[in-house]
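Structure assessment
This is what each chain is made of:
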Amino acid sequence: MKQESADPNTPPRSPSPAPSAQHPRDDGDAQALWIFGYGSLVWRPDFAYSDSRVGFVRGYSRRFWQGDTFHRGSDKMPGRVVTLLEDHEGCTWGVAYQVQGEQVSEALKYLNVREAVLGGYDTKEVTFYPQDTPDQPLKALAYVATPQNPGYLGPAPEEAIATQILACRGFSGHNLEYLLRLADFMQLCGPQAQDEHLAAIVDAVGTMLPCFCPTEQALALV
Ligand SMILES: N[C@@H](CCC(=O)N[C@@H](CS)C(=O)NCC(=O)O)C(=O)O
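Residues numbered from 1 in each chain as written. Predicted model: local features only at pLDDT ≥ 70, side-chain atom pairs only at ≥ 80, totals over all residues. Heavy atoms only, no water.

Let us look at helix α2 (residues 102-117). With 16 residues, α2 should cover 22 Å at 1.5 Å per step; its first-to-last C-alpha distance of 22 Å lies within 8% of that length. Of all the bends found along α2, the most pronounced is centred on L111 and spans about 30°. Turning to α2, its buried residues are V104, A107, L111, R114 and E115. Buried residues along α2 sit against β1 (32-37), α1 (40-43), β3 (79-100) and β5 (138-144). (Helix = DSSP H or I, 4+ residues; strand = E, 2+ residues; numbered from the N terminus. Expected span 1.5 Å × (residues − 1). Bend = angle between axes of the 7 residues up to and from the residue. Buried < 20%, exposed > 50% of the residue type's maximum accessible area, 1.4 Å probe, protein only. Contact = heavy atoms within 4.5 Å.)

Next comes the structure, spelled out in structure tokens:
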């Protein structure tokens, strides 16, 4: 191939090595990200993280308004899981997880499947207030199911939601486990963490459970 004649006084310029995926530019900009969980992520993050904080986000309320046909339900009997509803007066307690370096891509890849592909959730940036340092809020990524996603069920009376939860199960387990593990977390957060919607559903489940749990007498008739 004919070489272009170069100026004999100018040495050929060797291209500077571009940063590659294997050797990203080390300009001290280490990747770090906080991920806010307020439903199953509270008790089963299932991704590697470097740090975690209990705390809350303002301007959102948690609602069991997302249908789930995989983790806690089926196509015939969709379960109910939580999403965040924009609510100026709202406050939702959960856990923020810090992922760093390679944990970032691993966590996002995993959550994209678990939350977005299988769950219908979108990502949204929220401001998270750690319980211990509410004066030092953090930017965090949250997975929110909007009314535009096909699995969205929207509002229903808490008694109806409780009935649906009692009747459903999916690949991750019974929908009741999902409800009670979240209620357990809220108990641990202490009296300042209130969620009236969650408490009303737990109360409705407690009222209905005897009807779902046959007595010894009823079992004897089987
Ligand atoms: N995005 C919320 C809710 C997440 C959630 O509950 N997603 C469902 C997908 S429909 C899930 O991962 N379920 C796993 C399980 O139920 O164990 C969170 O941050 O916790």
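From this point, the discussion proceeds with the structure in view.
Another aspect to go through is the packing of aromatic side chains. Scanning all chains against the criterion turns up ten aromatic pairs. Both rings, one in F47 and one in Y49, keep their centres 6.3 Å apart while their planes meet at 70°; by these two values the pair is edge-to-face. The exposure class assigned to F47 is buried, which follows from its relative accessible area of 8%. Between the aromatic rings of F56 and Y129, the centroid separation amounts to 5.5 Å while the plane-to-plane angle is 15°, which identifies the pairing as stacked. (Phe/Tyr/Trp six-rings, centres within 6.5 Å; stacked < 30°, edge-to-face > 60°.)

Attention now moves to the pairing of β3. Examined bridge by bridge, β1 and β3 share six bridges and lie antiparallel to one another. Among the inter-strand pairings, W34 is bridged to a residue of β3, identified as Q98. As judged from the 15 bridges shared by strand β2 (residues 51-68) and β3, these two strands associate in the antiparallel manner. Its bridge partner lying in β3, V54 is registered against V95. (Pairing = 2+ DSSP bridges.)

Let us look at a nonpolar patch on the surface. A contiguous nonpolar patch, built from V113, V117 and L118 and spanning about 240 Å² of accessible area, is present on the exposed surface. Within the fold, V113 resides in helix α2. Of the residues examined, V113 reaches a relative accessible area of 43% and is grouped as partly exposed. (Patch = residues over 30% accessible without salt bridge, like charges linked within 9 Å, V, L, I, M, F, W, Y side chains within 5 Å. Areas by Shrake-Rupley, 256 points an atom, 1.4 Å probe, with all protein chains shown as cover. Salt bridge = Lys/Arg side-chain N within 4 Å of Asp/Glu carboxyl O.)

A separate point is the environment of V81. In this fold, V81 is placed in strand β3. Once the C-alpha coordinates of V81 and R62 are considered, the two residues, 19 residues apart in sequence, prove to be 9.9 Å apart. Those residues in contact with V81 that lie beyond four places of it in its chain are R63, F64, W65, Q66, G67, D68, R72, Y121 and Y178.

Glancing now at the site of the ligand. Taken together, the neighbourhood of the ligand is formed by 19 residues, with G39, R44, R72, R114 and Y178 sitting nearest. Within the backbone of G39, a nitrogen or oxygen atom sits 2.6 Å from an oxygen atom of the ligand. The separation between an oxygen atom of the ligand and a polar side-chain atom of R44 is 2.8 Å. When isolated, the ligand has an accessible area of 510 Å², and the protein chains bury 100% of it. Among the elements of the structure, β1, α1, β3 and α2 are those that each provide at least two residues to the shell around the ligand. Partitioned by chemical class, the residues of the shell around the ligand number eight nonpolar, six polar and five charged. (Near = heavy atom within 4 Å. Polar contact = N/O pair within 3.5 Å; in protein donor to acceptor, adjacent residues only side chain to side chain. Nonpolar A, V, L, I, M, F, W, Y, C, P; charged D, E, K, R; others polar.)

When pLDDT drops low, the exact placement of atoms in the prediction is not to be read closely. For the protein, mean pLDDT is 86; residues scoring 70 or higher make up 82% of the total. A low-confidence stretch, residues 1-29 (pLDDT under 50), is modelled with two contacts involving residues beyond four sequence positions or located in other chains. In the predicted complex, the global pTM is 0.83; the interface-specific ipTM is 0.95. (pLDDT = per-residue confidence, 0-100.)

Below, the discussion takes up the side chain of H197. Relative to the elements of secondary structure, H197 occurs in helix α5 (residues 196-212). For H197, a relative accessible area of 7% gives the class buried. Residue contacts for H197: discarding those within four places in its chain leaves R62, R63, F64, W65, E158 and I161.

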